[in-house]
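# Working through the structure, step by step
Take a look at the letters that make up each chain.
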Amino acid sequence: MNLDLTRRGFLKLAGTGAAATTLGAMGFGAAEAATAAHVRQFKLATTTETRNICTYCSVACGIIMYSRGDLAAGEHAELLHIEGDADHPTNRGTLCAKGSALKSYVKAETRLTRPRIRRPGSDHFVDIEWDQALDKIARAIKDDRDANLIEHNAEGVPVNRWTSTGFLAASATTNETAWLTYKVVRSMGIVGFDNQARV
Ligand code: SF4
């Protein structure tokens with residue numbers, strides 16, 4: 001028994017076996033080999049599978065993204081197909097209408113793929129590098145927290161509240177990411193903390 005057999009490989013073999021066995025039972029023994037030889041290679045057989053989470057809502061269904069092109073070799077990876085992850089405990093392979101249309105979302109011409117900024121006094125956004133965006137966010141967080149953290153209440157009890165900055169988290173994450181986000185936000189003292197699922 002081949003313990004490395006993939007789910008798709010198993011389904012293909014099972015289908016081939018059923019057809020060949022039926023032909024064999026009917027007396028067309030030679031047809032078994034011919035049938036097996038003409039089973040078309042599954043279209044996604046040579047693609048790379050990447051597990052991810054649906055971007056849309058807080059159900060956070062598991063998905064598998066199929067792409068062609070080796071990123072490690074400097075090639076452009078072309079996304080070919082997205083489907084529900086049958087091994088994911090949340091959705092067991094199912095996707096709703098929005099999740100089923102994820103590929104068009106990923107490939108939409110209007111999709112933002114880089115951070116953008118609208119500078120003070122400007123009426124339009126411009127693209128900036130990821131490092132620039134992260135540095136700017138980190139600077140703003142540090143400056144505002146230093147200026148506005150409330151360390152003690154009126155009775156002198158330590159409270160460490162930071163009420164001048166809020167945080168909006170993404171719901172389309174794993175439990176581990178959500179846990180880490182919560183710890184980071186609360187450890188900084190942020191009180192205003194909400195989630196995209198409620199917006
Ligand atoms: S597939 Fe549908 S239910 Fe699942 S996370 Fe995406 S939008 Fe939500």
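Computed from a predicted model, the values in this text were never measured in an experiment.

### Regarding the overall build of the chain
- Helices and strands together make up the secondary structure of the chain, namely 6 helices and 8 strands.
- When the helices and strands of the chain are placed in sequence order, the string is α-α-β-β-β-α-α-β-β-α-β-β-α-β.
- Buried positions account for 7% of the 199 residues belonging to the chain.
- In the chain, 41% of the contacts between residues at least 6 apart in sequence involve partners at least 24 apart.

### A closer look at the pairing of strand β2 (residues 62–68)
- In the sheet, strand β1 (residues 48–53) pairs with β2 via 6 bridges, with the strands oriented antiparallel. Directly across from isoleucine 53, in β2, lies its bridge partner glycine 62.
- As paired strands, β2 and strand β3 (residues 78–84) are joined by 6 bridges and run antiparallel to one another. The partner of tyrosine 66 across the bridge, within β3, is histidine 81.

### Here we look at the sheet that holds strand β7 (residues 158–169)
- Spatially, β6-β7-β8 is the arrangement adopted by the 3 strands of the open sheet, whose pairing is mixed. Since the sheet does not close on itself, it has two edges, and those belong to β6 (150–152) and β8 (190–195), each with one partner. In this sheet, neighbouring strand axes are inclined to one another by 25° on average, regardless of whether the strands run parallel or antiparallel.
- Of the strand pairs in this sheet, β6 and β7 are connected by 2 bridges, and their pairing is antiparallel. By the bridge assignment, isoleucine 150 is partnered in β7 with arginine 161.

### Observations regarding the sheet that holds β2
- Strand order in this open sheet of 3 strands is β1-β2-β3, and the pairing throughout is antiparallel. Both outer strands of the open sheet, β1 and β3, are each paired with one neighbouring strand and no more. Ignoring strand direction, the axes of neighbouring strands in this sheet form an average angle of 30°.

### Brief notes about the environment of threonine 181
- Turning to its location among the elements, threonine 181 is positioned in helix α6 (residues 175–187).
- It is 9.8 Å that separates the C-alpha atoms of threonine 181 and phenylalanine 167, two residues lying 14 residues apart in sequence.

### Notes on α6
- Given a rise of 1.5 Å per residue, 13 residues ought to cover 18 Å, and the 18 Å separating the end C-alpha atoms of α6 matches this to within 8%.
- Across the 13 residues that make up α6, only a small minority, 0, are buried.
- In the stretch just after α6, glycine 189 is the one whose phi turns positive, near 95°.

### Comments concerning unusual backbone geometry
- The phi dihedral of alanine 60 falls on the positive side, at around 60°, and the residue is not glycine.
- Of note in this structure, asparagine 160 is not a glycine but carries a positive phi near 50°.
- Tracing the chain through its elements places asparagine 160 in strand β7.

Analysis parameters
Residues numbered from 1 in each chain as written. Predicted model: local features only at pLDDT ≥ 70, side-chain atom pairs only at ≥ 80, totals over all residues. Helix = DSSP H or I, 4+ residues; strand = E, 2+ residues; numbered from the N terminus. Buried ≥ 20, exposed ≤ 12 C-beta atoms within 10 Å, placed from the backbone. Contact = placed C-beta atoms within 7 Å. Pairing = 2+ DSSP bridges. Axes fitted to C-alpha atoms, helices over the stretch in contact; angles between N-to-C directions. Expected span 1.5 Å × (residues − 1).

In short, the description is geometric, and any link to function would need to be established separately.
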